[in-house]
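One letter stands for each residue in the lines below.
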Number of protein chains: 4
Amino acid sequence: MKGKAAVLVKPYQFEIREYPPPPVEPGGILIKVTASGICGSDLHYWRGEMKPMLSGKPGPVILGHELTGVVHTLGPGVTTDSRGLPLKEGDRVVFPYFFPCGHCYNCLRGEWNHCPHRFRFRASVEEYPYCNGGYAEYFYLYPGHFVFKVPEGLSDEALTPVNCALSQVIYALHRANLQMGDAVVIQGAGGLGLYAVAAAKERGAGLIISIDGVKGRLELARQCGADHVIDINELKEPQERIARVKELTGYRGGADVVLEVVGYPQVIPEGLDMVRKGGVYVEIGNIWPGSNVTFDMSRVLFNMTTIITTAHYDPWILSVAVDFLERTKDKYPLTRVVSHKFPLEQINEAFQQAEWLGRQQEAQVTRAILVP
Amino acid sequence: MKGKAAVLVKPYQFEIREYPPPPVEPGGILIKVTASGICGSDLHYWRGEMKPMLSGKPGPVILGHELTGVVHTLGPGVTTDSRGLPLKEGDRVVFPYFFPCGHCYNCLRGEWNHCPHRFRFRASVEEYPYCNGGYAEYFYLYPGHFVFKVPEGLSDEALTPVNCALSQVIYALHRANLQMGDAVVIQGAGGLGLYAVAAAKERGAGLIISIDGVKGRLELARQCGADHVIDINELKEPQERIARVKELTGYRGGADVVLEVVGYPQVIPEGLDMVRKGGVYVEIGNIWPGSNVTFDMSRVLFNMTTIITTAHYDPWILSVAVDFLERTKDKYPLTRVVSHKFPLEQINEAFQQAEWLGRQQEAQVTRAILVP
Amino acid sequence: MKGKAAVLVKPYQFEIREYPPPPVEPGGILIKVTASGICGSDLHYWRGEMKPMLSGKPGPVILGHELTGVVHTLGPGVTTDSRGLPLKEGDRVVFPYFFPCGHCYNCLRGEWNHCPHRFRFRASVEEYPYCNGGYAEYFYLYPGHFVFKVPEGLSDEALTPVNCALSQVIYALHRANLQMGDAVVIQGAGGLGLYAVAAAKERGAGLIISIDGVKGRLELARQCGADHVIDINELKEPQERIARVKELTGYRGGADVVLEVVGYPQVIPEGLDMVRKGGVYVEIGNIWPGSNVTFDMSRVLFNMTTIITTAHYDPWILSVAVDFLERTKDKYPLTRVVSHKFPLEQINEAFQQAEWLGRQQEAQVTRAILVP
Amino acid sequence: MKGKAAVLVKPYQFEIREYPPPPVEPGGILIKVTASGICGSDLHYWRGEMKPMLSGKPGPVILGHELTGVVHTLGPGVTTDSRGLPLKEGDRVVFPYFFPCGHCYNCLRGEWNHCPHRFRFRASVEEYPYCNGGYAEYFYLYPGHFVFKVPEGLSDEALTPVNCALSQVIYALHRANLQMGDAVVIQGAGGLGLYAVAAAKERGAGLIISIDGVKGRLELARQCGADHVIDINELKEPQERIARVKELTGYRGGADVVLEVVGYPQVIPEGLDMVRKGGVYVEIGNIWPGSNVTFDMSRVLFNMTTIITTAHYDPWILSVAVDFLERTKDKYPLTRVVSHKFPLEQINEAFQQAEWLGRQQEAQVTRAILVP
């Protein structure tokens, strides 16, 4: 048996090749991929701005990490998903795209998310287990990996961002311990930002303010539950936006929680000034090496701000995220963010289109997915 | 009745004047000051590098905020301290030197420490309540202020830093939620640093590493409970010190908690690199406006570090701090950090000496106190 | 100036008398009462089953603690509510009906709710401050008490239960730390139970199960957000109800959180068996002396259940509760639970009717209020 | 290869038999047992008061769960302990004696301790993996089980109770979140009680009160750090003991935390009355089916007590416990609680002696261990 995979052979160029999936070990699962999204970080790799970290020999890899699929083969001994629900071949599932080691100080404490040895690729496509990216027919889950059966009625389009963007923001709000009634500011209304608005709404936030520069996104933010939006084309100066947040948050004197999901380090000082005394700033977006930020620590200190940073998520959050999506699918426009579908063979066109879309000022939140 | 007060009339110059203490309102308390320490921030004011924030008319103020004294007059209705212990005139007490408003979002939530309206001076020495600094015979506690009776057997020398340095670090470790067995690094072994070592020890820290450049301080850090010390004259490069922390913390891969108490923003990136994945960085020392720090947020984010900042403390911590001092007075050399005593009239000499001491490379932790 | 007050002179009998409100001290507020509800505990006092605890001389008291009103007189120095919002005479407000001491170990730690000295009446109606119950024209707030300005558009009917039932359940869910996605069981769908369903929904509970024996209440529970209801007339045995909860909670093996709000101690063992391993049981309803419960501790221990008990609430929760009511007033039928209004003079009839309503098996959640 | 094992063939009677250890699977570890303690629950099984729960066929089992040993065989793929420390054959290790499933809602959330499927025996000694009890030459760790390398210098005697009694109380104090300075009462000064005193001391408890009826134990409690002891032969009535605790805790009005480690349900109401308002009661000892307790819930509710129950511990706590023991071995008399050693062949005599010792009123804390 062989499966197709889109291999990034050099910047801006994928090639469709065929690989045998690995033998399925006891405890392992082979996934038949049904859809893979194109996320911002995939574009970074594609442009050659980032290189995959491999512990094996250098070589090309299969990109794609926002994905869903169905169980193709259950390894010996696997009878349930990670919550104990019966699992059989053909069942639709989601799973984290990163693999904690399970044998370190952090994993031991249940902080899988903080595992210093967790990895995404591990090896080039030439080495076991070959199928380690979403732009392929098969994806291999190492023995003991987390996997969650998905309820009927959630589409591929709705499910692809669950194991990345949605889980990330749900985890961030969990760690920030956003309380019912809290005031929250979300810097950015792209994919992460819209999920964050909806998740904050669902936790009972009392006041949600969304900030962005694209009208269509701000409109979606309102539909997801934002009470107020700030358009950076209207309030052009950080000081104006800070003043607006202070006005809207009234007696609080700022937001209880501010989330950064745009990924520009220059918005951090502005966001820090939007937090109420004793509040929390949550950093999610600035994942690129060289995201240098400069601020006056004494300001932050006298504001007694706590800064929380979150990369990835604890695996149990993915279970919460799937349930959230199922429960709210008719409430928020979250399951309609995918606008374009491409067969795997057209991955080069798909990436060019995604790149172009990302550059449009009027861009909606439009994600393309690939269907192997 | 009038009382002497040392008024800072211009940089580097105090004048002894006399003021009437205010009438003691219902709920208020007039304190007879018995000792006031000279803290780093007092030196900043003295040099003219910082100006007191006043809500009333501009004018000179009385410096001094690390202080202790005895009850001179109890206002009508005051019969107990803030824990309900009987209080009478002549009792030795400690109290926060800052005053939360008690009527805002933060005070309402029990976060007095985060009160945006809390103040230290409020007015120049020419206005009510006159006695609002420690370098004076009297100090006035506004109605409803927090006050704690002190057990017998603690000297003035031991007590003066309780309402500032000691409470601050106990609060910081409380907020960082340092657990029994945790590994902790403390950047700086001055007054705050030594208190932090002893308080971490008392919480059951499994590994305490103290960093400083003065041998005498590092020796005191060992006596306070540090398992290891790092002398920056021996490990001169940040990378060496980070490597040493990683070596000492072994399977943790860094410290669970790192505290910054030196007050130089340039040590922050180094300290952030000493935190284990998922650990906590606590910022205490960088209180001067212009404490600019620059770092790559993506490093902090992928380390999933939480940054906690603490200025001052919640008032109940002062009660914990007094009990701590009483309980451990024979265990750590904390009650012997005061080396010089001056009568209030010699305040100009006292400040000159404190300034000189602070400049010595070989300086021990030697605080001067003033005795009105 | 004198004000009317309904004084309970003996069981089952109120008398309308007139009292002068007390002089308004600095920091105090005199409230003009606009509506007072009849709560279950008021009925207990009325029947003579409970006696008010007084620290002064014995004597009759004014009952009524679920109340709202407008500011009649602001004491000297009061310019804002407890969040810092400007406050003037005529403003509609809510406030806790109990008074923490503010000077004890618990108050010091911001745990006002746990103040051992907090009181409701303190003195009979013959002593200062006379106006200490809701069934009267005036109600006195001691200096420094918590008070919250209410937004326009919330009716007296909606507001009377805010300072008791609604704040209580919001606080209970806060302490139970109910997380988005959690499964929750609420034993009882009376006033507290319906508020609990709505508040759990607003916190993002993933599965809400309401248990009661009155069809009309279960119907309201559904309207407030219950996903499932259990009618004890259909599932008559505790074992059946426990089995149903385990079936509905699926892979969790029980509810993350179970709340008891019926006030019968015999439902506690049943509720404890509905909690998932490691979950939380919250006890609210069993407030009557003699609420004896017997269970096998080893079962609870091997289920690793945490039992949280909550009486009253921390005052800041009242601010959260008012905001919650304002935000959700068009979403849940919570503002329509009051069915009968009586003028203060008809208090005897009002209590007889409330007593009768409480006995009806088909009873809806129908609260009577008194309008002075 | 065969190994000796003491099989409980009927109440009060062990037989030494020989069994082959199982083949060591990938990820599994075979332990050569060096010492196994006799714990109270082993005596219960021995007397026939409790029956092991088996998922396989009924049959005799190997008792013994407080044990330590060295690595005999590492299964394929095992190179480190659960913290990532290198592990080789011959290394001394400790490990939990119970096995979470790793595939359920609780395990998923890192709450291994709450795993409803965790087991101790699983099968009779006639079935794979045979070696599932401590009174044997070999003990088998299933693939993926938690294991911790032990530092040099800790004796068998010191180590046997680590994976049961010590980890249990450290976990209990962790969940109770005992803070530095807190007042704590420990009901019982047997093995668990002494460990609890020392662990509370190490967390910085401000006041530790130990209650027991055996003078020798109370003396050991003092050596472990108790500030006060209550001898139930001197204060014979619960009311006297409650009054003494309230006197000693002064302004707190009771203990912040009370731990029950005696295992008699009748001490629970007394212990609940020793908790300060808003404090925590921790239930550890009442593990026997039929541990019925009766109390008035309204008292607990108006005291706003939280009741925490803990059986076993989260595995990472075992790592903390070993470090604790290493760090404090010269500080507390914890490593000297073992008084008798027996070779495995004399297990029948060992149990008879342990039974006799447990009945002596003057009994010290004296544990017997078996040395295969």
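First, a word on what this report is: a plain description of the structure on this page. The shown structure was predicted, so the numbers you read here are calculated from the model rather than taken from an experiment.

Some thoughts on the environment of P86 of chain D
Residue and element names in this part refer to chain D. By the secondary structure assignment, P86 is in the loop between β4 (67-74) and β5 (92-94). Residue P86 is classed as exposed on the basis of its relative accessible area of 57%. Sequence separation of P86 and K149 is 63 residues, and the distance between their C-alpha atoms is 8.5 Å. Setting aside its immediate chain neighbours within four residues, P86 contacts T79, T80, D91 and K149.

Some details on the interface of chain B and chain A
It is common to give the size of an interface as the accessible area lost on bringing the parts into contact. If you look at the interface, chain B gives 45 residues, while chain A gives 45 residues. Buried area between chain B and chain A, summed over both chains or domains, comes out near 3,700 Å², and the portion from carbon and sulfur atoms is 60%. Among the residues chain B hides against chain A, the three largest losses belong to Y105, M297 and M304 of chain B. Together they make up 19% of the total. At the junction of chain B and chain A, the tally comes to two salt bridges. Among the ionic pairs, E111 of chain A bridges to R276 of chain B, the shortest N-O distance being 3.0 Å. Across the contact surface, chain B and chain A share 26 residue pairs in polar contact (both at pLDDT 80 or more). Counting residues per element, the ones that place at least two in the side of chain B that touches chain A are α2 (105-108), β12 (275-283), β13 (292-296), α9 (297-302) and β14 (306-309) of chain B. For the side of chain B that touches chain A, the per-class residue count stands at 19 nonpolar, 15 polar and eleven charged.

Quick notes on the relation of the copies chain B and chain A
If you rotate chain B by 180° and push it 0.0 Å along the axis, it lands on chain A with an RMSD of 0.0 Å. These values place the two chain copies in the arrangement generated by a two-fold rotation axis. No C-alpha of chain B approaches the rotation axis more nearly than that of T294 of chain B, which lies at 2.1 Å. The residues that chain B uses at the interface reappear at the interface of chain A in 100% of cases, marking a shared surface.

Quick word on the interface of chain B and chain C
Listed per partner, the contact involves 17 residues of chain B and 17 residues of chain C. A per-residue breakdown of the area chain B buries against chain C is headed by H103, L108 and W316 of chain B, which together make up 46% of the total. Scanning the region where chain B abuts chain C turns up zero salt bridges. Counting across the interface, chain B meets chain C through two residue pairs in polar contact (both at pLDDT 80 or more). At the level of secondary structure, the elements contributing two or more residues to the side of chain B that touches chain C comprise α2 and α10 (316-328) of chain B. Here the residues of the side of chain B that touches chain C are counted per class, giving eight nonpolar, six polar and three charged.

Quick notes on the side chain of S298 of chain B
Tracing the backbone shows S298 of chain B in helix α9. Overall, the relative accessible area of 5% leaves S298 of chain B in the buried class. For S298 of chain B, the side chain forms a polar contact with the main-chain oxygen of W288 of chain A, separated by 3.3 Å.

Considering the sheet that holds strand β9 (residues 207-212) of chain B
Here twelve strands make up an open sheet; going across it, the order is β10(A)-β9(A)-β8(A)-β11(A)-β12(A)-β14(A)-β14(B)-β12(B)-β11(B)-β8(B)-β9(B)-β10(B) and the pairing mixed. Edge positions in the sheet fall to β10 (228-231) of chain A together with β10 (228-231) of chain B, since each has one partner strand and no second. Averaged over all pairs of adjacent strands, the angle between their axes in this sheet comes to 15°, without regard to strand direction. Pairing between strand β11 (residues 255-260) of chain B and β12 of chain B: five bridges, direction parallel. Each residue of the ladder has a partner; that of V257 of chain B, found in β12 of chain B, is V280 of chain B.

Some points on the relation of the copies chain B and chain C
What relates the pair of chain copies is a rotation about an axis plus a shift along that axis. Rotating chain B by 180° and moving it 0.0 Å along the rotation axis overlays it on chain C with an RMSD of 0.0 Å. The overlap is high: 100% of the interface residues of chain B also sit at the interface in chain C, so the same surface is used on both sides.

Section: the pattern of salt bridges
For the structure shown, the criterion picks out 100 salt bridges over all chains. Where R17 of chain A meets E15 of chain A, a salt bridge forms, and the shortest distance between an N and an O atom there is 3.3 Å. For R17 of chain A, a relative accessible area of 25% corresponds to the partly exposed category. With a relative accessible area of 33%, E15 of chain A lands in the partly exposed category. A salt bridge links R47 of chain B to E355 of chain B, with the shortest nitrogen-to-oxygen separation between them at 2.8 Å. Here R47 of chain B, found in helix α1 (residues 40-47), pairs with E355 of chain B, found in helix α11 (residues 347-359); they are 308 residues apart in sequence, far enough to count as distant. R47 of chain B sits in the partly exposed class, given a relative accessible area of 22%. According to the relative accessible area criterion, E355 of chain B is buried, its value standing at 9%. When salt bridges with common partners are traced through the structure, they connect R109 and E111 of chain A together with R252, D256 and R276 of chain B into a single cluster.

Criteria and thresholds
Residues numbered from 1 in each chain as written. Chains lettered and ligands numbered in written order. Predicted model: local features only at pLDDT ≥ 70, side-chain atom pairs only at ≥ 80, totals over all residues. Heavy atoms only, no water. Helix = DSSP H or I, 4+ residues; strand = E, 2+ residues; numbered from the N terminus. Buried < 20%, exposed > 50% of the residue type's maximum accessible area, 1.4 Å probe, protein only. Contact = heavy atoms within 4.5 Å. Buried area = accessible area lost by both parts, 1.4 Å probe. Salt bridge = Lys/Arg side-chain N within 4 Å of Asp/Glu carboxyl O. Polar contact = N/O pair within 3.5 Å; in protein donor to acceptor, adjacent residues only side chain to side chain. Nonpolar A, V, L, I, M, F, W, Y, C, P; charged D, E, K, R; others polar. Least-squares fit on C-alpha atoms with pLDDT ≥ 70 in both. Pairing = 2+ DSSP bridges. Axes fitted to C-alpha atoms, helices over the stretch in contact; angles between N-to-C directions.

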